[in-house]
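Working through the structure, step by step
Spelled out from the first residue to the last, the chains are:
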Amino acid sequence: MRKWYVIGGVLAAVWAAGLGWWWFTRMDKAHVHAFYRAQIAAAGRYDAQALCEMLHPDYKAVDVTLSSGGEERMEVDRLKACEAMRSSMKMFRDIAEQTEGTPEFDYEIALVVLSEDRASARVNVQITSNVGGRIKIVSAGHETLVRHRGQVVSLGGETRTLVTLP
């Protein structure tokens, strides 16, 4: 009889582990919105490290930036993206300190398409940054979000960014 309890306990543990894994790797629209709220909060604190942690180890992205200096196409992996975030956050902090202004970051999600297995989401999003009334950056495009080790992270995407100096 004891053998059946052991077998039943093992089967229950396997079932619970499978259910936990399923829940740990799935996402819904609430996860997507929470990801962007956390991203905006980290940018507001100039926390480049937190922003880097929101990128998947296999992150790849393409961004086309339009500014008064022309158009620049940039393909980045996680390492390059983190370097760019560190320099951007430093620049935003310096401008905000010089102008004594508070940075404003916002996002608008146009569309969320969850994969059939709910393991990923393709998101059409626009993120706006306004720092000290001196620089306005609007970045729009699509991004793929996935769950990695229980956290929602960006796998990459394509964006077009417009930088203006009011």
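Attention in this report is confined to the structure presented alongside it. (Residues numbered from 1 in each chain as written. Predicted model: local features only at pLDDT ≥ 70, side-chain atom pairs only at ≥ 80, totals over all residues. Heavy atoms only, no water.)

**A closer look at the overall build of the chain**
Scanning the chain from terminus to terminus reveals 4 helices and 6 strands. Reading the chain from its N terminus to its C terminus gives the helix and strand order α-α-α-β-β-α-β-β-β-β. By the burial criterion, 34% of the 166 residues in the chain qualify as buried. Excluding contacts between residues fewer than 6 apart, the proportion of contacts in the chain whose partners are at least 24 apart in sequence is 58%. Just so you have it, the chain exposes about 10,500 Å², and 57% of that area is on carbon and sulfur atoms. (Helix = DSSP H or I, 4+ residues; strand = E, 2+ residues; numbered from the N terminus. Buried < 20%, exposed > 50% of the residue type's maximum accessible area, 1.4 Å probe, protein only. Contact = heavy atoms within 4.5 Å. Areas by Shrake-Rupley, 256 points an atom, 1.4 Å probe, with all protein chains shown as cover.)

**Points about the environment of H148**
Here H148 lies in strand 5 (residues 135–148). Taking the relative accessible area as the measure of exposure, H148 reaches 24% and is therefore partly exposed. Put simply, H148 and A119 are 29 residues apart on the chain and 9.6 Å apart in space, counted from C-alpha to C-alpha. Dropping the residues within four chain positions of it, H148 is found in contact with H56, P57 and V153.

**As for helix 2 (residues 29–44)**
Compared with an ideal rise of 1.5 Å per residue, which puts 16 residues at 22 Å, helix 2 spans 23 Å between its outermost C-alpha atoms and is within 8% of the ideal. Those residues of helix 2 that fall on the buried side of the exposure criterion are V32, F35, Y36, Q39, I40, A42 and A43. Projection of helix 2 onto a plane perpendicular to its axis shows the buried side chains occupying an angular sector of 165°, all on one side. Contacts from the buried residues of helix 2 go to helix 3 (48–53), helix 4 (78–99), strand 3 (104–114), strand 4 (120–131), strand 5 and strand 6 (151–164). Where helix 2 begins, the capping side chain belongs to D28, and its oxygen is found 3.0 Å from the backbone nitrogen of A30. Two residues or fewer after helix 2 comes Y46, characterised by a positive phi angle close to 60°. (Expected span 1.5 Å × (residues − 1). Arc of directions from axis to C-beta. Polar contact = N/O pair within 3.5 Å; in protein donor to acceptor, adjacent residues only side chain to side chain.)

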